[in-house]
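Topology and contacts: notes
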Amino acid sequence: MKLGFSPEEEVFRAEAAAWLKAELEGAFADVRGLTSLTEMPERRRDWERRLGDAGWSCVGWPRAYGGRDATLAQQVIFAEEYARAGAPPRLNHIGIELAGPTILAFGSEEQKARFLPAIARGEEIWCQGYSEPGAGSDLANVRTRAWREGGDWVIEGQKVWTSLAQFSDWIFVIARTEEGSKGPKGLSFLLVPVDQSGVTVRPIHQITGEAEFNETFFDDARTAAESILGEPGDGWKVAMGLLGFERGVSTLAQQMGFRNELDAVIAAARANGEAKNPLIRQRIAKAEIGLKLMRYGALRMLTDAEGGRLNPSALTYKIQWATWRRDLGELAMDVLGQAGETVAGHEYAFPALPNLFLYSRADTIYGGTNEIQRNIIAERALGLPREPRGDLK
Amino acid sequence: MHFAFTDEQAMIAETAKTFFAENATSERTRAAMADTGIDKALWQAFTSELGLAGVAIPEALGGVGLGMVELAIFAEEAGRHTAALPLLASLGLAAPAILAGGTDEQKARFLPRIASGELMASFAAVNMGGTPGATLSDGTLTGAALLVPHGASTDLFVVAADNGVAIVERGALGLGITPLTSMDQTRPYARLDFGGVAVETLADPRAAVHAALTTGWLAIAADALGGAQACLDRTVAYTQERIQFGRSIGSFQAVKHRLADMMVAIEQARSAVYWAACAIDERSDEAAFAVHAAKAFACDTYTHCAGEMIQLHGGIGFTWEHDAHLYFKRARSNASLLGTPDWHREQVAGLAGLDDAA
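Model, not experiment: these values are computed from the prediction. (Residues numbered from 1 in each chain as written. Chains lettered and ligands numbered in written order. Predicted model: local features only at pLDDT ≥ 70, side-chain atom pairs only at ≥ 80, totals over all residues. Heavy atoms only, no water.)

A count of helices and strands for chain B gives 11 helices and 10 strands. A compact globule built from 358 residues would reach a C-alpha radius of gyration of about 21 Å, and chain B, at 20 Å, matches this within 12%. For chain B, the spread of C-alpha atoms along the principal axes amounts to about 75 × 55 × 40 Å. Taking all contacts inside chain B whose residues are at least 6 apart in sequence as the whole, residues at least 24 apart take part in 74%. Of the roughly 13300 Å² of accessible surface on chain B, a fraction of 54% belongs to carbon and sulfur atoms. Placing the 24 positive and 40 negative side-chain charges of chain B at their respective mean positions leaves the two points 7 Å apart. (Helix = DSSP H or I, 4+ residues; strand = E, 2+ residues; numbered from the N terminus. Rg over C-alpha atoms; globule rule 2.2 N^0.38 Å. Contact = heavy atoms within 4.5 Å. Areas by Shrake-Rupley, 256 points an atom, 1.4 Å probe, with all protein chains shown as cover. Lys, Arg positive; Asp, Glu negative; His and termini not counted. Charge placed at Lys NZ, Arg CZ, Asp CG, Glu CD.)

This is how it looks when you write it as structure tokens:
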């Protein structure tokens, strides 16, 4: 067991830090320190392209597909330096963290060559078409249909909670391609261009007042016959493989965002004297400890993954961070007091901490609710009996 | 960066797992509980036969010359079986105090005998939750230490007095030892009274206390981790066997979710314990933060899991016959010993910069 980095790795760190500093104090000073995903989308696209040009976009990917062949330790270092430099959240995080790794794992050579470099160069932004109005926790209950017509797949149906679809070029969609099939059977994993008349993106107005998520409608939407990952009917397998990637090195970058949020809570507590309140001190200490344990939990998972082992603790990560962040939102409001409940001006748009209090209510729902996570942990990690299925339609 | 056991550490873990599973049985622990709180044959086997007790003591002083990760491995496995051993007292507290604060002569005189099991030692932190305290004056120690783990059985005491650290041997003139009936019978306390006992002192008392507390906190946290994991494993097994309403109670979501929450906490406790162990070994700037975090988090996790173990076992979990109370009581003792979780979190709050100017 070793937590420190080698001198060679520290050289890599210095190189990454120097590049990030130069860019974020130079041409990209305007995006430095941004925290929301939806601010300045055009500049965020420019930033994605700049990272891609310099080979810093998808550092863990093979060079052949636009990556840097970085080792695990180097990926960890880059995630740390990225956050330390105040670089903004990645507009294309779904492409980088979900679509890319899935294509890398399940795609043909042609698909890899077609899609991966475009993600790495920041040219194509991706979003995820999983949930539907009738398929939330019970994701396998998707009703969006697709069928072959000539050289195309035709897609009909509706997806929901498609985060960032308004900025995206591509969406990956789980659709039912075998008529009359039920549950996880008969599904396919399709790659669909967003910019076409058959795809309509309608924003969902959230409790925060923002609209990061969308409903996405498919009405005679089309994609090429070869834009399928795996064989027809393999969709569930591919989708479940993708869930594994949601716990990769990107978790460390996500944690850097959490670090900034906790620092903001601490700064607010120091400014208004709540930092002296012993109860608040206990909760801040709990948050500090929780954040460190996310980091070291991620390093355990990643070390095992690099050695080809799945650490069962990976199954606990989602509920861990989501609950941590929800607690932080509540702590933030308790620190701010009533002052946090109003905002200047007429627009319903709250600053970062009150917004966190509202937004974090989504964290314990999307990507598998806390309750679904507990089922997964109990069934897959602890070997307890599976939940019985009901038969209501 | 490699946050997993090395091959050698995995081998040590396997050895420790097998050793404690085979030897630290419920029957033997209960026999020790009814007696002195130490399974002397087990301690003998662990120290001399297995020869791994001095895992964190240098080879030149009769130890194995490894570090905190390896010590944590042993503490975790002992905790998994609520082994009735002075592992914390002798190896987690007294030995590191002497190693860090003793003269070369003192180290050479005591440490090889502690490593070999010939001497069982304990540590008295008179100023942590202990009044009235003890004072050194002209080579004599006067006062008392109220709660010394395994104090009625150990041969040697390292006493962190108000103005220095003393070594007191059992049988010293003026030393009174009063065994205390203790809730956790696997680690019973004793009261020590010092009536002007002639003592020797450690050369560097600050280093001694710092090392003892740091190592002790880690060892308690690792014990808590192993205990919590045992609570989960045994409760998962029981809920799959126990049938009510025509189904195993482990198939009810109300039960599954509570077991899942135990695992979520335990995996974090595992990260905390081995992070702290590495941070101490690597002399990281984070070491103090890490060890306070580990002590607070692992002890809270153990308390939670041991409570759930009783609840999810139902009535049988409330009987003396079932082992659940061994875990529940050791969890309580771990939480109180050398600073409660709240106290450790308050240290974290200070380290996190809450007292810096706004």
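All names here are of chain A. Backbone geometry places Trp161, a non-glycine residue, at a positive phi of 60°. Considering the arrangement of structural elements, one finds Trp161 in the loop between β3 (152–160) and β4 (170–176). For Trp161, a relative accessible area of 46% corresponds to the partly exposed category. Phi at Asp220 is positive, roughly 55°, even though this residue is not glycine. (Buried < 20%, exposed > 50% of the residue type's maximum accessible area, 1.4 Å probe, protein only.)

Another aspect to go through is helix α11 (residues 341–351) of chain B. What α11 of chain B keeps buried is the set Pro341, His344, Arg345, Val348 and Ala349 of chain B. Projected down its long axis, α11 of chain B shows its buried positions confined to an angular sector of 155°, all on one face. Among the structural elements, α8 (278–306) of chain A together with α7 (205–241), α9 (287–313) and α10 (324–336) of chain B are those in contact with the buried residues of α11 of chain B. Phi for Gly353 of chain B, located one or two positions after α11 of chain B, is positive at around 90°. (Arc of directions from axis to C-beta.)

Let's shift gears to the domain arrangement of chain B. Residues and elements named next belong to chain B. Along its sequence, chain B is carved into domain 1 (7–115), domain 2 (121–203) and domain 3 (207–351). Domain 1 and domain 3 are separated by 20 Å when their C-alpha centres are compared. Taken together, the contacts link 26 residues of domain 1 with 35 residues of domain 3. Of the roughly 2200 Å² buried between domain 1 and domain 3 on both sides combined, carbon and sulfur atoms contribute 66%. (Domains from an automatic or database assignment. Buried area = accessible area lost by both parts, 1.4 Å probe.)

All names here are of chain B. What the 4 strands build is an open sheet, ordered β2-β3-β7-β6; its pairing is antiparallel. Strands with a single pairing partner mark the edges of an open sheet, and in this sheet they are β2 (134–137) and β6 (175–179). Direction aside, neighbouring strands of the sheet carry axes that sit 15° apart on average. Here 4 bridges tie β2 to strand β3 (residues 140–149), and the two strands are oriented antiparallel to one another. Bridge assignment links Ala134 to a residue of β3, and that residue is Gly143. (Pairing = 2+ DSSP bridges. Axes fitted to C-alpha atoms, helices over the stretch in contact; angles between N-to-C directions.)

The subject of this paragraph is the packing of aromatic side chains. Given two aromatic rings, their pairing is described by the distance between the two centres and the angle made by the two planes. For the structure on display, the rule yields 31 aromatic pairs over all chains. Ring geometry for Phe213 of chain A versus Tyr359 of chain A: centroids 6.4 Å apart, planes at 15°, classification stacked. With Phe213 of chain A in the loop between β6 (199–203) and β7 (214–224) and Tyr359 of chain A in helix α10 (residues 352–363), this residue pair connects regions lying 146 residues apart in the sequence. Since its relative accessible area comes to 8%, Phe213 of chain A is described here as buried. One aromatic cluster is present, formed by Phe12, Trp19, Phe28, Trp47, Trp56, Phe78 and Tyr82 of chain A through successive ring pairs. The ring of Tyr296 of chain A is capped by Arg295 of chain A, whose NZ or CZ atom sits 5.3 Å from the centre of that ring. One residue, Arg247 of chain B, lies across the ring of Phe252 of chain B, its end atom 4.0 Å from the ring centre. (Phe/Tyr/Trp six-rings, centres within 6.5 Å; stacked < 30°, edge-to-face > 60°. Lys NZ or Arg CZ within 6 Å of the ring centre and 35° of its normal.)

Taken together, the 47 residues of chain A in the interface contact 50 residues of chain B. Between chain A and chain B, roughly 4400 Å² of surface is buried when both sides are summed, and carbon and sulfur atoms account for 64% of that area. Between the two partners, chain A and chain B, sit 7 salt bridges. For Asp261 of chain B, the salt bridge identified is with Arg374 of chain A, shortest N-O distance 2.7 Å. Inspection of the chain A/chain B interface yields 26 residue pairs in polar contact (both at pLDDT 80 or more). Looking at the side of chain A that touches chain B, the elements that each hand over two or more residues are α3 (72–84), α7 (250–272), α8, α9 (317–336) and α11 (370–381) of chain A. (Salt bridge = Lys/Arg side-chain N within 4 Å of Asp/Glu carboxyl O. Polar contact = N/O pair within 3.5 Å; in protein donor to acceptor, adjacent residues only side chain to side chain.)

This next bit is on the pairing of strand β2 (residues 145–149) of chain A. Residues and elements named next belong to chain A. Summarising the sheet, β2 and β3 pair through 5 bridges and their orientation is antiparallel. The partner of Ala146 across the bridge, within β3, is Ile155. With antiparallel pairing between neighbouring strands as the criterion, β2 and β3 make up a hairpin whose turn holds 2 residues, including Gly150 at a positive phi of roughly 60°.

What follows covers helix α4 (residues 68–80) of chain B. Across its 13 residues, α4 of chain B extends 18 Å between first and last C-alpha, which sits within 8% of the 18 Å expected from 1.5 Å per residue. Note on α4 of chain B: the residue one or two positions beyond its end, Thr82 of chain B, has a positive phi of about 40°. (Expected span 1.5 Å × (residues − 1).)

Turning our attention to the side chain of Asn370 of chain A. Residue and element names in this part refer to chain A. Tracing the backbone through its elements, the reader meets Asn370 in helix α11. Residue classification places Asn370 among the buried residues on the basis of a relative accessible area of 3%. Sequence-distant contacts of Asn370, that is, excluding residues within four places in its chain, are made with Ile319, Ala322, Thr323, Arg326 and Thr364.

On to the nonpolar core, then. With 172 residues, the main nonpolar core has Phe3, Phe20 and Trp275 of chain B as its most contacted residues. Discounting chain neighbours no more than four positions away, the residues touching Trp275 of chain B are Leu3, Lys292, Leu293 and Tyr296 of chain A together with Phe3, Glu286, Phe289, Ala290 and Ala293 of chain B. (Core = buried A, V, L, I, M, F, W, Y, C linked by side-chain atoms within 4.5 Å.)

A few words on the side chain of Thr316 of chain A. Along the chain, the position of Thr316 of chain A falls in the loop between α8 and α9. Residue classification places Thr316 of chain A among the buried residues on the basis of a relative accessible area of 1%.

Closest axis-to-axis distance for the α11 of chain A/helix α8 (residues 253–281) of chain B pair is 8 Å, and the angle between their directions is 85°. Considered as vectors, α11 of chain A and α8 of chain B are oriented roughly perpendicular to each other. Each of Glu371, Arg374, Asn375, Ile377, Ala378, Glu379 and Ala381 of chain A in α11 of chain A lies in contact with α8 of chain B, whose residues at this interface are Gln253, Lys256, His257, Ala260, Asp261, Met263 and Val264 of chain B. Classifying every residue of the contact of α11 of chain A with α8 of chain B by side-chain character gives 6 nonpolar, 3 polar and 5 charged. (Parallel < 35°, antiparallel > 145°, perpendicular 65-115°, else oblique. Nonpolar A, V, L, I, M, F, W, Y, C, P; charged D, E, K, R; others polar.)

Residue and element names in this part refer to chain B. The strand order across the open sheet built from 4 strands is β1-β4-β5-β8, with neighbouring strands paired in mixed fashion. Here the strands that pair on one side only, and so sit at the sheet edges, are β1 (121–125) and β8 (200–201). Bridge analysis of β1 against strand β4 (residues 156–161) gives 5 bridges, and the strand direction is parallel. Within the sheet, the bridge partner assigned to Ala124 lies in β4 and is Val159. Each of β1, β4 and β5 (164–169) touches helix α5 (residues 87–101); the most contacted strand, β1, lies at about 75° to it. This element, α7, spans β1, β4 and β5 of the sheet and lies at about 70° to β5.

All right, on to the domain arrangement of chain A then. Residue and element names in this part refer to chain A. In terms of domains, chain A is made up of domain 1 (7–91), domain 2 (126–232) and domain 3 (247–381). Distance between the C-alpha centres of domain 1 and domain 3: 23 Å. Opposite the 6 residues of domain 1 that make contact, domain 3 presents 9 residues. Where domain 1 abuts domain 3, roughly 710 Å² becomes buried across the two surfaces, and 75% of that area is made up of carbon and sulfur atoms. Applying the counting criterion to the domain 1 and domain 3 interface returns 1 salt bridge. Salt-bridge contacts for Glu80 lead to Arg295; the nearest nitrogen and oxygen are separated by 2.6 Å. Between domain 1 and domain 3 we count 1 residue pair in polar contact (both at pLDDT 80 or more) in total.

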